[in-house]
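# Reading the structure
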Amino acid sequence: MMDKTAFDAAAPERVVDSPLCGAPAFLLDRHPPKVDFAADVLEGLSRPQKQIPPKYFYDARGSDLFERICRTPEYYVTRTELELLSDIGPDIAGIAGCDVTVIEFGSGSDAKIRRLLDALPNPCAYVAIDISRAALERAIEDLARDYADLTVGGIVADFTTPVELPPEAFSGGKKLAFFPGSTIGNMERGHARQFLADVRATLAQGDGFLVGVDLRKGRDILDPAYNDDEGVTAAFNLNVLRRINRELGGTIDLGKFRHLAFYNEADGRIEMHLQSTADQRFEVAGAQIAMTRDETIHTENSYKYSVPEFILAAESAGFCAVRTWKDRQSLFSIHYLAAV
Ligand SMILES: C[S@@+](CC[C@H](N)C(=O)[O-])C[C@H]1O[C@@H](n2cnc3c(N)ncnc32)[C@H](O)[C@@H]1O
């Protein structure tokens, strides 16, 4: 859980400290240690319903596969949010004002932040936070080159723990936190509310938080979005097993698992699992794991919200909902929250 000091300046582990124009001002590597990965996977695989936290999808290959998911015809989320961001850019700019420092959680590629930066009048700094160093490094290098007047930096970190911003990120102006992609939907609803409250604790009154939230809808749209014909989402899901083999000395046969994703309407969430196609045993970090045929490892939830549901969560976390936008088909929503 983040505390109030989360955005306080600190002495970080500084990987890049470049005075060059057109290069990132800083890149701080606070990636969680490999022992955390091992502990989380072993704990998750010892549960009655086996599970692996979704943040472990994102090694370099996982980040690339996610970008490919965003380009599949079935995955409406990315193109809808991108179009909406372009349409509402002037409205956001009018609310956020000049000289803001933008802090993005789970930044991934730079596609969405470009739309936001292009809309904002004279933003002064941009800080990307992501657990995937490969994706983060690529994005901030490209942005620093293309937005030469902007202080651009990145922090490789788990955003569910406190993330300290370095002094370069402080302009004295307002902060605008940005959390697109409905990544908030990957958190249990209670954790999402706590995350909102943790972000609120790092902001001053009047600072903004722009959040992209996927909306509840029928399984006719949702099920295909997570089961694309090309099999990219399946490859993304299976990639976490490949990563376990590589980083944790795993002996998992990927051929004995299949991708499973479906809308659980009662809980309003897409569930993603890896289903064992045989009775099998394998090793992870020296531990023996047994699975029966058809048993699953739960790898991700993607919770969907109604607009009132999300606003209620945001208000209970110390924000007021200034404005909400939806696309014409009501597939996706973007919320401008102000810290009260
Ligand atoms: C669903 S993708 C969204 C990417 C991008 N923001 C978008 O809107 O398309 C989730 C992103 O958050 C990052 N991420 C996931 N869990 C994270 C965590 N606990 N801490 C930091 N980054 C995380 C992933 O590396 C990935 O870039």
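Residues numbered from 1 in each chain as written. Predicted model: local features only at pLDDT ≥ 70, side-chain atom pairs only at ≥ 80, totals over all residues. Heavy atoms only, no water.

Below, the discussion takes up the overall build of the protein. Regarding its fold elements, the protein presents nine helices and 15 strands. Once the C-alpha set of the protein is aligned to its principal axes, its extents read approximately 60 × 45 × 35 Å. When burial is assessed residue by residue, the protein has 54% of its 340 residues classed as buried. Expressed as a percentage of contacts within the protein between residues at least 6 apart in sequence, the contacts between residues at least 24 apart total 72%. When the accessible surface of the protein is summed, it comes to about 14,000 Å², and 51% of that surface belongs to carbon and sulfur atoms. Between the averaged position of the 37 positive side-chain charges in the protein and that of its 51 negative side-chain charges there is a distance of 3 Å. (Helix = DSSP H or I, 4+ residues; strand = E, 2+ residues; numbered from the N terminus. Buried < 20%, exposed > 50% of the residue type's maximum accessible area, 1.4 Å probe, protein only. Contact = heavy atoms within 4.5 Å. Areas by Shrake-Rupley, 256 points an atom, 1.4 Å probe, with all protein chains shown as cover. Lys, Arg positive; Asp, Glu negative; His and termini not counted. Charge placed at Lys NZ, Arg CZ, Asp CG, Glu CD.)

Left-over empty space is what a probe sized like a water molecule reveals as it rolls over the atoms. The calculated volume of the second largest pocket comes to roughly 260 Å³. In this structure, the second largest pocket is lined by Tyr-76, Arg-79, Thr-80, Glu-83, Leu-84, Asp-87, Ile-221, Asp-327, Arg-328, Gln-329 and Leu-331. Of the residues forming the lining of the second largest pocket, the biggest block, six residues, is contributed by helix α3 (residues 76–96). Split by residue class, the lining of the second largest pocket holds four nonpolar, two polar and five charged. (1 Å grid on protein atoms, 1.4 Å probe; cavity = no way out; pocket = protein on both sides within 12 Å on 5 of 7 lines; lining within 4 Å. Points joined across faces, edges and corners; volume = space filled by probe spheres on them. Nonpolar A, V, L, I, M, F, W, Y, C, P; charged D, E, K, R; others polar.)

At a minimum axis distance of 12 Å, the contact between helix α1 (residues 34–45) and helix α8 (residues 232–247) shows a crossing angle of 120°. Taken together, α1 and α8 sit at an angle that is classed as oblique. Seen from above, α1 lies across α8 with left-handed handedness. Facing Lys-34, Phe-37 and Val-41 of α1, the residues of α8 in contact are Arg-243, Ile-244 and Glu-247. (Axes fitted to C-alpha atoms, helices over the stretch in contact; angles between N-to-C directions. Parallel < 35°, antiparallel > 145°, perpendicular 65-115°, else oblique. Left-handed = near helix turned anticlockwise from the far one by under 90°.)

Moving on to the packing of aromatic side chains. Evaluated as defined, the whole model comprises 18 aromatic pairs. Between the aromatic rings of Phe-66 and Tyr-75, the centroid separation amounts to 6.3 Å while the plane-to-plane angle is 80°, which identifies the pairing as edge-to-face. By relative accessible area, Tyr-75 is classed as buried at 6%. Between Tyr-75 and Tyr-226 the ring centres are 5.9 Å apart and the planes differ by 80°, which places this aromatic pair in the edge-to-face class. Of this pair, Tyr-75 sits in the loop between α2 (60–70) and α3 while Tyr-226 sits in the loop between α7 (219–225) and α8, and the two are 151 residues apart along the sequence. The rings of Phe-57, Tyr-58, Phe-66, Tyr-75, Tyr-226 and Phe-236 are connected pair by pair, giving a single aromatic cluster. Across the ring face of Tyr-305, the terminal group of Arg-189 is positioned such that the distance to the ring centre comes to 4.8 Å. A cation sits over an aromatic face here: Arg-243 above Phe-37, 4.8 Å from the ring centre. (Phe/Tyr/Trp six-rings, centres within 6.5 Å; stacked < 30°, edge-to-face > 60°. Lys NZ or Arg CZ within 6 Å of the ring centre and 35° of its normal.)

Our focus in this paragraph is the site of the ligand. If you check the shell around the ligand, you find 16 residues, and the closest are Gly-106, Lys-112, Asp-130, Asp-158 and Phe-159. Ser-107 has a polar backbone atom sitting 3.5 Å from a nitrogen atom of the ligand. Take Asp-158: an N or O atom from its side chain is 2.9 Å from a nitrogen atom of the ligand. The protein chains hide 93% of the 580 Å² of surface that the ligand would expose on its own. (Near = heavy atom within 4 Å. Polar contact = N/O pair within 3.5 Å; in protein donor to acceptor, adjacent residues only side chain to side chain.)

Here we take up helix α6 (residues 189–201). Taking 1.5 Å as the rise per residue, α6 with 13 residues should run 18 Å; its terminal C-alpha atoms sit 19 Å apart, in good agreement. Listed as buried for α6 are Ala-192, Phe-195, Leu-196, Ala-197, Asp-198, Val-199 and Arg-200. (Expected span 1.5 Å × (residues − 1).)

In this section: the sheet that holds strand β9 (residues 257–264). If you walk across this open sheet you meet the four strands as β3-β13-β10-β9, and the pairing is mixed. Looking at strand neighbours, the two that pair on one side only are β3 (50–51) and β9, the edges of this open sheet. Of the strands in this sheet, β9, β10 (269–276) and β13 (296–303) are in contact with α8, which crosses β10 at around 60°. (Pairing = 2+ DSSP bridges.)

Bridge count for strand β14 (residues 319–326) against strand β15 (residues 332–339) is seven bridges, and the pairing is antiparallel. Paired with Thr-324 across the strands is His-335, a residue of β15. As consecutive antiparallel partners, β14 and β15 are separated by five residues, and within that stretch Ser-330 has a phi angle of approximately 55°, a positive value.

Before going further, it helps to spend a moment on the packing of α2 against α8. Closest axis-to-axis distance for the α2/α8 pair is 9 Å, and the angle between their directions is 170°. Classified by the angle their axes make, α2 and α8 are roughly antiparallel. The element α2 and its partner α8 pack so that their crossing is left-handed. In this structure, α2 uses Arg-61, Gly-62, Leu-65, Phe-66, Arg-68 and Ile-69 to contact α8, whose residues at the interface are Val-232, Thr-233, Ala-235, Phe-236, Asn-239 and Arg-242. Here the contact of α2 with α8 is built from residues that sort into six nonpolar, three polar and three charged.

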